[in-house]
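# Residue-level structural notes
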2 protein chains.
Amino acid sequence: MSNSLKVALLGCGTVGSQVAQVLLDQSDELKARVGREIELVAIAVRDINKPRPGIDSALLTADVEALLGRRDLDIVVELIGDIEPAGSYLRAALSARASVVTANKALLAVAGPSLFEIAEANKVDLYYEAAVAGAIPIIRPLRESLVGDQITSVKGIVNGTTNFILEKMYNDGADYQDVLAQAQLLGYAEADPTADVEGFDAAAKAAILAGLAFHTQVVLDDVGREGITNLSADDIAAAKDMGCTIKLLARCDLADDGSVSAGVYPTMVPLSHPLAGVHDAYNAIFVESRYAGHLMFMGKGAGGAPTASAVLGDIVIAARNRARGPAGLHLSAYHQRKIIPNDLVCSKFYVSMNVVDKPGVLAEVAKVFARHEVSLQAVRQNPDLGAARLGVMTHPARLSDLKAAVIDLETLDAVSAGVTLIRVEEE
Amino acid sequence: MSNSLKVALLGCGTVGSQVAQVLLDQSDELKARVGREIELVAIAVRDINKPRPGIDSALLTADVEALLGRRDLDIVVELIGDIEPAGSYLRAALSARASVVTANKALLAVAGPSLFEIAEANKVDLYYEAAVAGAIPIIRPLRESLVGDQITSVKGIVNGTTNFILEKMYNDGADYQDVLAQAQLLGYAEADPTADVEGFDAAAKAAILAGLAFHTQVVLDDVGREGITNLSADDIAAAKDMGCTIKLLARCDLADDGSVSAGVYPTMVPLSHPLAGVHDAYNAIFVESRYAGHLMFMGKGAGGAPTASAVLGDIVIAARNRARGPAGLHLSAYHQRKIIPNDLVCSKFYVSMNVVDKPGVLAEVAKVFARHEVSLQAVRQNPDLGAARLGVMTHPARLSDLKAAVIDLETLDAVSAGVTLIRVEEE
């Protein structure tokens, strides 16, 4: 097929085999959508002898370097994951003027800006819809549909594993460790759940979203990060009691002076907020912009077929662009925005602590907050949580001030160590 | 500005003035996003003497023909509305090789296919993100992000006026006429509300969505349509009683044999369905596709700023394409799918009727349904609705069979005229 657009796949796991299947089975339909034939010419795999039903073994190769050395590839699809060797492969592919489609959020979060530079220099596309929130179209809407608007905030539930765990904790009143064990048993959490439960996966996505939304470079190191491993059944009960649920939110904000912040934190979300209704392994992204107002995008955030859907969409668009001529400038990160240190980002907080149940404790606690200029919205001593559990809702305050207040609180005789902080989303 | 991309605006109402303002005020930001300057060269208006704050009157012209006669326009933005003369203007613009951005759903629903043909022939873009669901990015996600997937169903709340009225009927238990009067007073409904409440506005959007989702031509005449004017407080109470709310849904479905259907109907939606949580003047589109599964897009469906956001996004992308070179083939409607007559489309229905309260009525009613091969899921005689009100929930059945059953029901002595049908969305 001399006139066909040639696609090479790197990786043939859950997503890769699904993508290969569609490229092979639906080639007529895809040809109609592109205007030219899309030809899957090779699939790079570690083990070419493993049986792969429906895929001609002649397509398989273990020699990625040789594959990328071909000069006739139009599109390289990377589904290997991890930073290396995937990064080197993509640099080679882009330098050889192939367009690239990838689902590799970890790579993009650390090396995105340099990869985009190579793509620009070679006038090829670098697409990554599958890297954030699986099948939910969010990259293209941010990059294109909202490109005439000014996005001020992006908040998302972008990790299904933690959403599943938090929802189960909420529904069953169970503790984190118990629910995690259950989630692992059901296959919703990995044997080593660190990347999910400590927020690393969500933080990589936050970096990508913030860079895209605010047209600036944001990398993983810029993203504040807090996992869900310290959340207790008490925290969830307190949230419930205040008409909230707890979600692990990735949040990216544009400040009035043009600087930006990005972070991943367990956050109390009022039940009336659309993000509170995002269940199980679903993902959702809530966008606020100057003209469009509030938008929400919801869908399946992971899994072979949903991720394949996003990858295939990117392949078709990259193929169309290829059929049309060399890609032009994309110029997404043209700002050099100041990134706000996460300690200086403001939020409402719910602060809870065990106190000795005697008169005067409340006044002592309030004095500490006042000293650190954290103003309080409400103080509660919920009998359901034991008389000695004190909860304080603050007005928006800097994390640094809260941290300093916590250190002081823990020096009080009436307060036990282990004061906890949870962010609270405003209604 | 010899190297600038030249934009002409047709219309300067709520949306147009907002678009003009951003083009004038944010030209540096937009230049960064496009890679070239976007220059607003003229605005066609009916009355050039009307004061328009912030807009240089030298930009205004009442002579649209002369404006379109210029051969140097890169992008024409049409915000006049109605089918003519807007259609003629856009044909002229496209034929003169200008790319077109429009928010004109009525025009696209009747003349979309022919306009796209002219755009293709002249290798220019025709974008219309603002035509459906205002600021919600739905056109580009369907056209691009999901272009590698197979969409099987699109259901949407795409009319804010009717959503507002239905929600008020639900919350207050009020009748349609009372709520309409209130909505008109508040400016949520027009003095002549026909286009909204009879479903014409939603039907135009359904035609656009169905064509796009299924890559085939669907025009307004293909769309089944039923408004909300006949809904009573009783209907809403019945829905509430069954754990549902009533929404005016635009729905587009792909059948197993590749044929398609599109319609707009008041529909009972279970409260657990994400569409049930779409409030006030918000719009939402719920998409089901083979690989991505369920997706939902939610946001403001109307208003000057949200619509301007969508228009500006289209202008930026059209400008980028322009800077890059002539547009290639888009080939969206390459299928000639059979369109299913709306009478043959299946749905669950809730059928309610006033009956004489005597033994044997239920059996008579059930016999009529059986005769028309409509099978019943449940029959209810809710005391709250009066003993003489009978409600029947069917299994999925064809509208034609339901209609025939209703005719027969109304001939029964025990049943009064005025049997009503409401579609029911499955959970």
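The coordinates are above.
Every chain is numbered independently, its residues counted from 1 as its sequence is written. Lettering for chains starts from A, numbering for ligands starts from 1, and both go in the order in which the items are written. In keeping with the predicted nature of the model, local features appear solely for residues at pLDDT of at least 70, side-chain atom pairs appear and are counted solely at 80 or more, and the whole-chain, interface and lining totals rest on all residues. Heavy atoms throughout the structure, all of them, feed into the side-chain values; hydrogens and water do not.

## With respect to the overall build of chain A
The helix and strand tally for chain A stands at 14 helices and 17 strands. Just to be clear, the radius of gyration here is over C-alpha atoms, and the globule rule we use is 2.2 Å times residues to the power 0.38. Over its C-alpha atoms chain A spans a radius of gyration of 24 Å, differing by no more than 12% from the 22 Å that the globule rule assigns to 427 residues. Partly exposed residues are those whose accessible area sits between 20% and 50% of the maximum for their type, while under 20% is buried and over 50% is exposed, using a 1.4 Å probe and protein chains only. Counting all 427 residues of chain A, 57% fall into the buried class. For chain A, contacts bridging at least 24 residues in sequence account for 72% of all contacts bridging at least 6. Approximately 16400 Å² of chain A is accessible, and the part contributed by carbon and sulfur atoms is 50%. In summary, the charge assignment counts Lys and Arg as positive and Asp and Glu as negative, without counting His or the chain termini. Charged groups are reduced to one reference atom each: NZ for lysine, CZ for arginine, CG for aspartic acid, CD for glutamic acid. Counting 38 positive and 53 negative side-chain charges, chain A places the averaged centre of each group 5 Å from the other. Only runs of H or I of at least four residues qualify as helices and only runs of E of at least two qualify as strands under DSSP, and these elements are numbered from the N terminus. Note on definitions: a residue-residue contact is assigned when non-hydrogen atoms from the two residues lie within 4.5 Å. Where accessible areas are quoted, they stem from the Shrake-Rupley method and a 1.4 Å probe; at the residue level, only the protein chains shown are allowed to cover.

## Notes on the nonpolar core
Only buried residues count toward a nonpolar core. Its members are Ala, Val, Leu, Ile, Met, Phe, Trp, Tyr and Cys residues joined through side-chain atoms within 4.5 Å. Core analysis: the largest hydrophobic core is formed by 176 residues, its most contacted members being Ile138(A), Ile165(A), Ile138(B) and Ile165(B). Not counting residues within four places of it along the chain, the set of residues in contact with Ile138(B) comprises Glu129(B), Val132(B), Ala133(B), Leu209(B), Ile285(B), Val287(B) and Phe297(B).

## Considering the environment of Phe200(A)
Residue and element names in this part refer to chain A. By secondary structure assignment, the location of Phe200 is in helix H10 (residues 200–214). Overall, the relative accessible area of 37% leaves Phe200 in the partly exposed class. Ignoring any residue separated from it by four or fewer positions in sequence, one finds Phe200 in contact with Thr194, Ala195, Leu220 and Arg225.

## Regarding the relation of the copies chain B and chain A
Note that the two copies of the chain are related through a rotation about an axis and a translation along the same axis. For this overlay, a least-squares fit was computed on C-alpha atoms, restricted to residues scoring pLDDT of at least 70 in both copies. Mapping chain B onto chain A leaves a residual RMSD of 0.0 Å; the transformation is a rotation of 180° accompanied by 0.0 Å of translation along its axis. On the angle and the small slide along the axis, the relation comes out as a two-fold axis. Looking at the rotation axis and the C-alpha trace of chain B, the residue lying nearest is Phe297(B), at 2.4 Å. Of the residues that chain B buries at the interface, 100% are likewise interface residues in chain A, meaning the two copies contact each other through the same surface.

## Let's talk about helix H11 (residues 233–241) of chain B
Residue and element names in this part refer to chain B. Taken together, the buried positions of H11 are occupied by Ala233, Asp235, Ile236, Ala238 and Ala239. Buried-residue contacts for H11 involve helix H7 (160–172), strand E9 (244–254), strand E10 (260–270), strand E13 (346–354), strand E15 (389–394) and strand E17 (420–424). Just beyond H11, the residue with positive phi is Gly243, at close to 75°.

## Describing the packing of helix H2 (residues 27–34) of chain B against helix H12 (residues 304–324) of chain B
A pair of packed helices is captured by two measures, namely the crossing angle of their axes and the spacing between those axes. Residues and elements named next belong to chain B. Axis separation between H2 and H12 bottoms out at 9 Å; the angle between their running directions is 50°. As far as their axial angle goes, H12 and H2 are oblique. For the pair H2 and H12, the sense of crossing is right-handed. Residues Leu30, Arg33 and Val34 of H2 lie in contact with H12, whose contacting residues are Val316, Ala319 and Arg320. Each axis is a line fitted through C-alpha atoms, and for a helix only the stretch in contact is used; angles between axes span 0 to 180 degrees, taken between their N-to-C directions. Working definition: roughly parallel below 35 degrees, roughly antiparallel above 145 degrees, roughly perpendicular at 65 to 115 degrees, and oblique for all remaining angles. With the far helix as reference, a near helix turned anticlockwise by less than a right angle produces a left-handed crossing, and one turned clockwise produces a right-handed crossing.

## A short note on the packing of helix H13 (residues 361–371) of chain A against helix H14 (residues 399–409) of chain A
All names here are of chain A. At a minimum axis distance of 9 Å, the contact between H13 and H14 shows a crossing angle of 145°. Relative to H14, H13 is oriented so that their crossing is right-handed. Residue-level contacts link Val365, Val368, Phe369 and Arg371 of H13 to Leu402, Ala405, Asp408 and Leu409 of H14. Here the contact of H13 with H14 is built from residues that sort into six nonpolar, no polar and two charged. Think of it as three bins: nonpolar holds Ala, Val, Leu, Ile, Met, Phe, Trp, Tyr, Cys and Pro, charged holds Asp, Glu, Lys and Arg, and polar takes everything else, Gly as well.

## Some points on the sheet that holds strand E1 (residues 5–10) of chain A
Across the sheet, which stays open at both edges, the six strands sit in the order E3-E2-E1-E4-E5-E6 (chain A) with parallel pairing between neighbours. The strands lining the two open edges of the sheet, one partner per strand, are strand E3 (60–61) and strand E6 (126–127) of chain A. Should DSSP find at least two bridges between two strands, the strands are regarded as paired.

## A look at the sheet that holds strand E6 (residues 126–127) of chain B
One key point about sheets: their strands pair by backbone hydrogen bonds, in either a parallel or an antiparallel sense. All names here are of chain B. With parallel pairing, six strands are arranged side by side in an open sheet as E3-E2-E1-E4-E5-E6. Both outer strands of the open sheet, strand E3 (60–61) and E6, are each paired with one neighbouring strand and no more. When strand E2 (residues 38–44) meets E3, the two strands line up parallel, connected through two bridges. Looking at the pairing, Ala44 lines up with Thr61 of E3. Across the sheet, helix H1 (residues 14–25) lies against strand E1 (5–10) and E2, angled at about 150° from E2, the strand it touches most. Against the sheet, helix H4 (residues 86–95) makes contact with E1, strand E4 (75–78) and strand E5 (99–102), and its axis sits at roughly 155° relative to E5, the strand it touches most.

## Notes on unusual backbone geometry
Residue and element names in this part refer to chain A. Residues Glu84 and Pro85 are joined by a peptide bond in cis, for which omega reads 5°. Position of Pro85 relative to the elements: it lies in the loop between strand E4 (75–78) and helix H4 (86–95). One non-glycine residue with positive phi stands out, namely Asp82, at about 65°. The exposure class assigned to Asp82 is exposed, which follows from its relative accessible area of 58%.

## Focus on H14(A)
Residues and elements named next belong to chain A. Those residues of H14 lying buried are Leu399, Leu402, Ala405, Val406 and Leu409. Viewed along the axis of H14, the buried residues span an arc of 120°, placing them on a single side of the element. Next to the buried residues of H14 lie strand E13 (346–354), H13, strand E15 (389–394), strand E16 (397–398) and strand E17 (420–424). Taken from the helix axis, the directions to the C-beta atoms give the arc we talk about.

## Observations regarding the interface of chain B and chain A
Taken together, the contacts link 53 residues of chain B with 53 residues of chain A. The junction of chain B with chain A conceals about 4500 Å² of combined surface from both sides, 53% of it contributed by carbon and sulfur atoms. Two parts placed together each lose some accessible area under a 1.4 Å probe, and adding up what both lose gives the buried area. Its largest share of buried area at the contact with chain A, chain B owes to Arg33(B), Tyr291(B) and Arg324(B), together 17% of the area lost on that side. What makes a salt bridge here is a side-chain nitrogen of Lys or Arg within 4 Å of a carboxyl oxygen of Asp or Glu, nothing more. On the surface where chain B and chain A come into contact, there are two salt bridges. Note that Arg140(B) is salt-bridged to Glu144(A), the shortest N-O span being 3.6 Å. Looking at the side of chain B that touches chain A, the elements that each hand over two or more residues are H1, H2, helix H6 (139–145), strand E12 (293–300) and H12 of chain B. The element contributing the most residues to the side of chain B that touches chain A is H12(B), with 10 residues.

## Focus: the pairing of E10(B)
All names here are of chain B. For E10, a buried count of 11 out of 11 residues is recorded, marking the element as mostly surrounded by other parts of the structure. Burial along E10 is two-sided: the residues Val260, Ala262, Val264, Pro266, Met268 and Pro270 and Ser261, Gly263, Tyr265, Thr267 and Val269 are all buried. Sheet topology places strand E8 (residues 224–225) next to E10; two bridges connect them, and they run parallel. For Arg225, the partnering residue across the bridge sits in E10 and is Val264. Strand direction decides the pairing type here: E9 and E10, joined by 11 bridges, are antiparallel. Its bridge partner lying in E10, Leu248 is registered against Pro266. When E10 meets E17, the two strands line up parallel, connected through two bridges. Directly across from Thr267, in E17, lies its bridge partner Arg423.

## A look at the side chain of Glu425(B)
Residue and element names in this part refer to chain B. With respect to the helices, strands and loops of the structure, Glu425 is situated in the segment after E17. Owing to a relative accessible area of 5%, Glu425 belongs among the buried residues under this scheme. Here a polar contact is recorded for every N or O atom pair within 3.5 Å, except that within protein the pair must consist of a potential hydrogen donor and a potential acceptor, and residues adjacent in sequence are included only if both atoms are side-chain atoms. Within the structure, the side chain of Glu425 is placed 2.6 Å from the side chain of Lys155, a separation counted as a polar contact. One polar contact links Glu425 to Arg251, side chain to side chain, over a distance of 3.0 Å.

## Re the packing of aromatic side chains
Residues and elements named next belong to chain A. Whether two aromatic rings pair depends on their centres lying within 6.5 Å, for rings of Phe, Tyr and Trp, where Trp uses its six-membered ring; planes under 30 degrees apart make the pair stacked, over 60 edge-to-face, and the rest tilted. Under the criterion given, the structure shown has five aromatic pairs over all chains. Either the NZ atom of lysine or the CZ atom of arginine qualifies as a charge over a ring when it sits within 6 Å of the ring centre and within 35 degrees of the ring normal. Positioned above the aromatic ring of Phe200 is the side chain of Arg225, whose terminal nitrogen or guanidinium carbon lies 3.8 Å from the ring centre. The ring of Tyr265 carries Arg423 above its face, with NZ or CZ at 3.3 Å from the centroid.

## Here we look at the state of the cysteines
Throughout, a disulfide means two cysteine sulfur atoms within 2.5 Å of one another. According to the stated counting rule, one finds zero disulfides over all chains in the structure shown. Cysteine Cys244(A) remains unbridged, with the sulfur of Cys346(A) as its closest cysteine sulfur at 19 Å.

## Here's the deal with the pattern of salt bridges
As enumerated under the stated definition, the model contains 36 salt bridges over all chains in all. A salt bridge links Asp253(B) to Arg251(B); its shortest N-O distance comes to 3.6 Å. Under the relative-accessibility criterion, Arg251(B) is labelled buried at 15%. Salt bridges linked by common partners bring Lys155(A), Arg251(A), Asp253(A), Glu288(A) and Glu425(A) together as one network.

## A look at the environment of Asp221(A)
Position of Asp221(A) among the secondary structure elements: in the loop between H10 and strand E8 (224–225). On a C-alpha basis, the gap between Asp221(A) and Leu108(A) in space is 12 Å, while along the polypeptide they are 113 residues apart.

In short, shape yes, function no, at least from these values alone.
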